[in-house]
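# Descriptive structure summary
Listed here are the chains, written in short residue letters.
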Amino acid sequence: SAVISQKPSRDICQRGTSLTIQCQVDSQVTMMFWYRQQPGQSLTLIATANQGSEATYESGFVIDKFPISRPNLTFSTLTVSNMSPEDSSIYLCSVAFAYEQYFGPGTRLTVT
Amino acid sequence: KQEVTQIPAALSVPEGENLVLNCSFTDSAIYNLQWFRQDPGKGLTSLLLIQSSQREQTSGRLNASLDKSSGRSTLYIAASQPGDSATYLCAVFYTGGGNKLTFGTGTQLKVEL
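For the structure given in this document, a descriptive report is provided here. Source: prediction; values computed, not measured.

### Overview of the interface of chain B and chain A
- At the interface, 20 residues of chain B touch 17 residues of chain A.
- Interface area, chain B with chain A, both sides summed: about 1,500 Å², of which 56% is carbon and sulfur.
- Along the contact surface separating chain B from chain A lie zero salt bridges.
- Among the secondary structure elements, those contributing two or more residues to the side of chain B that touches chain A are strand E4 (30-38), strand E5 (44-51), strand E9 (86-94) and strand E10 (101-103) of chain B.
- The element that contributes the greatest number of residues to the side of chain B that touches chain A is E4 of chain B, accounting for five residues.
- For the side of chain B that touches chain A, the residue count by class is nine nonpolar, nine polar and two charged.

Okay, here's the thing in structure tokens:
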């Protein structure tokens, strides 16, 4: 299993600004995943972050809007850039061990 | 493309009742299926993982079954308690998914005193 922490747990941000979310895992993992959960919706995968290579983005998500860093095997960041109210969501990071997936507590973002 | 559907979308039951949550998926070529619980505004807690070769998994009052050929899974909760109130999500990890999960739409459960 894995213990995942995220910072910040929540934030209220102004339109047009950027927020960087941090994700820390207590074990070394090859892949880390970033998800978005819009209000009342299920989870949607934003991108997969591999250590030492560029993140792989899902359809509808682009690097300029959601840049990701993966400096080592236990840490990743997701930046939500040039925010608009439509970016108000819960952002979750996740890792997989033997195809079982574990999630962090999430970052609740509100954009005003 | 894999699509995962959960029925019902919402459910309200009295305390003590046994209940069944349903999950269906369109592509049966899956590695596994996972059930999660999500409390309001929080992250996801993994409840049960069923490998594609398994038929069911049990943990305490929870029992999850998998019928891969028909593309269905059920989560059975025995003797429900108010603390079981949460949203329950199923997700499949499938061959065509490129090492990622596809989530269902969720069932919001409320267990009333």
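On we go from here.
### Side note on the state of the cysteines
- All told, the structure shown has two disulfides over all chains when counted by the stated rule.
- Note that Cys23 of chain A is cross-linked by a disulfide to Cys93 of chain A, the S-S spacing being 1.9 Å. Its S-S torsion of approximately 70° makes the covalent link between Cys23 of chain A and Cys93 of chain A right-handed. A residue pair is termed long-range when its members are at least 10 positions apart, and Cys23 of chain A in strand E3 (residues 19-25) and Cys93 of chain A in strand E9 (residues 89-97) qualify at 70 residues. Residue Cys23 of chain A shares its accessibility class with Cys93 of chain A, and that shared class is buried.
- Here Cys23 of chain B connects covalently by a disulfide to Cys90 of chain B, the sulfurs 2.0 Å from one another. In this structure the cystine formed by Cys23 of chain B and Cys90 of chain B twists about its S-S bond by roughly 80°; its chirality is therefore right-handed. Taken together, the residues span a long stretch of sequence, with Cys23 of chain B in strand E3 (residues 19-25) and Cys90 of chain B in strand E9 at a distance of 67 residues.

### Quick word on the pairing of strand E7 (residues 68-72) of chain A
Residues and elements named next belong to chain A.
- Pairing of E7 with strand E8 (residues 75-80), which is carried by three bridges, proceeds in the antiparallel orientation. Bridged to Ile68 within E8 is Leu78.
- If you look at the hairpin formed by E7 and E8, you'll find two residues sitting between the two strands.

Rules used throughout
- Residues numbered from 1 in each chain as written.
- Chains lettered and ligands numbered in written order.
- Predicted model: local features only at pLDDT ≥ 70, side-chain atom pairs only at ≥ 80, totals over all residues.
- Heavy atoms only, no water.
- Contact = heavy atoms within 4.5 Å.
- Buried area = accessible area lost by both parts, 1.4 Å probe.
- Salt bridge = Lys/Arg side-chain N within 4 Å of Asp/Glu carboxyl O.
- Helix = DSSP H or I, 4+ residues; strand = E, 2+ residues; numbered from the N terminus.
- Nonpolar A, V, L, I, M, F, W, Y, C, P; charged D, E, K, R; others polar.
- Disulfide = S-S within 2.5 Å.
- Buried < 20%, exposed > 50% of the residue type's maximum accessible area, 1.4 Å probe, protein only.
- Pairing = 2+ DSSP bridges.

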